[in-house]
Amino acid sequence: MGDIIHALPAAASLKHGFPGCQLTWVTEPRWAPLLQGNPFVDRVVLLDRGTGAGLGRAWRELREDRFDFAVDFQGLIKSALVACAARTDRIYGFAASLAREPLAAMFYSDRVPARSAHRVDRNLELAAAAGASTALRSFPLPPGRAEGALPASAFVLASPLSGWRAKQWPLEYYARLAERLRREAGVPLVLNGPPAERETLAAVAGTLLHLSSIEGLIDATRRAAAVVGVDSGPLHVAAALNRPGVVIFGPTDPAQTGAYGGSFTVLRSPLAVTSYKRRSEIDPSMLAVTPEAVFEALQPQLARRNHPVDCLA
């Protein structure tokens, strides 16, 4: 999810730089809702890696057209192979030192030594190397769809789960945060997650449960007064929608994968050590960020919702 959101501005820049082109985006089916109605994407090819039939269908779709060039924003061997399937002489990708899997760079005709720290800006550099003349920092996400019950009044939204456990904040911390939000700010804490995680999230005392698809997550994020996030896809949805909030970082670097755009307050222990190893236990630096610290950081953002700015036009 985060990879797609981080590449949205680069795709917009490519489409703007080549206004007559047809832009095709290849993605796994579960992430396709993020591209629904995107004005910069003409076609979405679904890559179902779970079945031979799905792989064959994507292969045939890519071979139907003749592409002028391909851009691999993900920097993985699998994404580089997808670019090769497009039968193009020019494949733009990151230099081996920047690709997430350095061997992926072997498949590129043009290896770009991007200098930016954040992945959104790196992707924009890659798009510029491919010919995008103007950087469009646009995140055209779909409107989403209401799913399940949400409070009619203000609420704080959190998505506690992430791709790997080291980046997560302890579930018991959400219970403590929920108690303070309810007692001192008068707002509930809503936990969002996929239906498969019902049992895990329902066990967090004092919170409300919202199970949804990606469309439901987008809708709930738009409606939330503030968001509490970790380094995961839902955080990047919230940042793309310019929602206010607090994000807790630990082993990963917020300069690279933090909330883009400045609407979030970042909390990270000074003892945190950057590591992208997918450890199975919550990193100690995540434990060091207390619910009390998160509540204090949320207070100014919740206070602003009660004091709208008057505007004379």
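Residues numbered from 1 in each chain as written. Predicted model: local features only at pLDDT ≥ 70, side-chain atom pairs only at ≥ 80, totals over all residues. Heavy atoms only, no water.

A. Structural context of the sheet that holds strand 8 (residues 208-211). What the six strands build is an open sheet, ordered 8-7-6-9-10-11; its pairing is parallel. Each having just a single partner strand, strand 8 and strand 11 (264-268) make up the two edges of the open sheet. On average, each strand axis in the sheet is tilted by 25° relative to the strand beside it, whichever way the strands run. For strand 7 (residues 189-193) and strand 8, the ladder comprises four bridges, and the chain directions are parallel. Residue pairing across strands places Gly-193 opposite Leu-211, the latter belonging to strand 8. The strands that helix 5 (residues 171-185) touches are strand 6 (156-158), strand 7 and strand 9 (226-230); relative to strand 7, the one it contacts most, it runs at about 145°. (Pairing = 2+ DSSP bridges. Helix = DSSP H or I, 4+ residues; strand = E, 2+ residues; numbered from the N terminus. Axes fitted to C-alpha atoms, helices over the stretch in contact; angles between N-to-C directions. Contact = heavy atoms within 4.5 Å.)

B. Up close: helix 4 (residues 119-129). Looking at helix 4, one finds that the buried residues are Val-120, Asp-121, Arg-122, Asn-123, Leu-124, Leu-126 and Ala-127. Those residues of helix 4 that are buried lie in contact with helix 1 (2-17), strand 3 (70-71), strand 4 (91-94), strand 5 (110-112) and helix 9 (254-257). Where helix 4 terminates, the next one or two residues include Gly-131, which has phi positive at roughly 120°. (Buried < 20%, exposed > 50% of the residue type's maximum accessible area, 1.4 Å probe, protein only.)

C. Expanded view of the confidence of the model for the protein chain. Averaged over all residues, the pLDDT of the protein chain equals 93, while 97% of them reach at least 70. Averaged over each element, pLDDT in the protein chain is lowest for helix 2 (residues 52-64) (82) and highest for strand 6 (98). (pLDDT = per-residue confidence, 0-100.)

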